[in-house]
Amino acid sequence: MKTRNSTNWLVTALITLGSIVILFPLYMTVSIALKNPEEMAQSIFALPTGLHFDNFTRAIEATNFFSAFKNSFVITLFSVSFVLLTNSLVSYAVARNMNHKFFKGLYFYFISAMFIPFQIIMLPVVKLTTDLRMNNIPGLIILYIVYGLAFNIFVYVGYIRSIPLELEEAATVDGATTYGTFWRIIFPLLAPINATVAILSCLSTWNDFMLPLIILSKPESYTLPLVQYVFQGQFSTDFNLAFASYLLALAPMVIVYVFAQKWIINGITQGAVKS
């Protein structure tokens, strides 16, 4: 006898509402980017009557888009690469020595950083980076690597502790060093969580506005979020060009997330399973 699956209308309604809440701002962004000021004045919610793709061309020229894109790409690429290499190694040392008071204290010391608002340390960071002449792209990359430690160690340690110790013991018997064991045995097993950390770090670094704003001192070093300021006037804002520029800056990360979202889910679910 076949059973009929009843529809959970409450869940369906909540999913529909959530989809509308997410898709409506995207619709507004695309719609405004393709309008001209006259259409904006008539109705901000209506579909554009003509597709003004010249807004994108003008936005590229106004923001020096390709220079800012290169800066954002370089910062994101190096930040994510070094985050994976260094944060995973530190997490491995902490995870395998949690029975020692020093490493256990170190773990909670790193985790406690997640509860400190950035605004509290903002001024000391600006002063220190200026004194050390780190108010440039390499200095910004170092800060991203350091600021990612708290959350990444929290994620990595939980995942590493789910990996059986027998694998490392077998490698030690075969003559592998601690570093050899990590790079040859552990690091390849971290692929799902590495993907999760890489994607989240990529999204946060690419979209970050505050840290580049207070660190980067030269306009030629500005990232994509910073160059959006060019559309903000004292008394008015060119919304059409601004939203066209937002779409250009948003597109790469949307593409990355669409193709990589399964890695985030896979990494989180596997990291939640302890052996």
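Details of the structure are given in the entry above.
Residues numbered from 1 in each chain as written. Predicted model: local features only at pLDDT ≥ 70, side-chain atom pairs only at ≥ 80, totals over all residues. Heavy atoms only, no water.

Caption draft 1: Examining helix α6 (residues 118-131) more closely. Helix length check: α6, at 14 residues, gives a terminal C-alpha distance of 20 Å against a target of 20 Å (1.5 Å per residue), a fit within 8%. The largest bend in α6 amounts to roughly 30 degrees and is located at proline 124. Positive backbone phi, approximately 55 degrees, marks arginine 133, located one or two places after α6. (Helix = DSSP H or I, 4+ residues; strand = E, 2+ residues; numbered from the N terminus. Expected span 1.5 Å × (residues − 1). Bend = angle between axes of the 7 residues up to and from the residue.)

Caption draft 2: How the structure looks around the side chain of serine 162. Mapping serine 162 onto the fold places it in the loop between α8 (149-160) and α9 (165-173). Within the local environment of serine 162, its side chain forms a polar contact with the backbone oxygen of tyrosine 159, the two atoms lying 2.5 Å apart. (Polar contact = N/O pair within 3.5 Å; in protein donor to acceptor, adjacent residues only side chain to side chain.)

Caption draft 3: Seen up close, the packing of helix α4 (residues 65-95) against helix α10 (residues 178-189). α10 packs onto α4 with a crossing angle of 110 degrees between their chain directions and a minimal axis gap of 12 Å. Between α4 and α10, the interaxial angle falls into the category roughly perpendicular. Helix-helix and strand crossings are classified by hand; for α4 and α10 the assignment is right-handed. Listed contacts from α10 to Leu84, Leu85, Ser88, Leu89 and Tyr92 of α4 are Thr178, Tyr179, Thr181, Phe182, Trp183, Ile186 and Phe187. (Axes fitted to C-alpha atoms, helices over the stretch in contact; angles between N-to-C directions. Parallel < 35°, antiparallel > 145°, perpendicular 65-115°, else oblique. Left-handed = near helix turned anticlockwise from the far one by under 90°. Contact = heavy atoms within 4.5 Å.)

Caption draft 4: How the structure looks around the nonpolar core. Membership of the largest hydrophobic core comes to 47 residues, with the highest contact counts inside it found for Tyr107, Leu140, Tyr156, Leu190 and Leu224. The element that contributes the greatest number of residues to this core is α4, accounting for nine residues. Discounting chain neighbours no more than four positions away, the residues touching leucine 190 are Ser88, Tyr156, Tyr159, Ile160, Ile163 and Phe182. Residues Ile32, Leu34, Phe56 and Ala244 belong to the second largest nonpolar core, which totals 13 residues. (Core = buried A, V, L, I, M, F, W, Y, C linked by side-chain atoms within 4.5 Å. Buried < 20%, exposed > 50% of the residue type's maximum accessible area, 1.4 Å probe, protein only.)

Caption draft 5: Here's a closer look at the environment of phenylalanine 154. Within the element layout of this structure, phenylalanine 154 appears in helix α8. Since its relative accessible area comes to 42%, phenylalanine 154 is described here as partly exposed. Spatially, the C-alpha atom of phenylalanine 154 lies 6.5 Å from that of isoleucine 111, the residues being 43 residues apart in sequence. If sequence neighbours within four positions are ignored, phenylalanine 154 has contacts with Tyr107, Ile111 and Met114.

Caption draft 6: Focus on the packing of aromatic side chains. Under the definition given, this model contains 16 aromatic pairs. Among the aromatic residues, those joined into a cluster by ring pairs are Phe65, Phe66, Phe69 and Trp206. (Phe/Tyr/Trp six-rings, centres within 6.5 Å; stacked < 30°, edge-to-face > 60°.)

In short, shape yes, function no, at least from these values alone.
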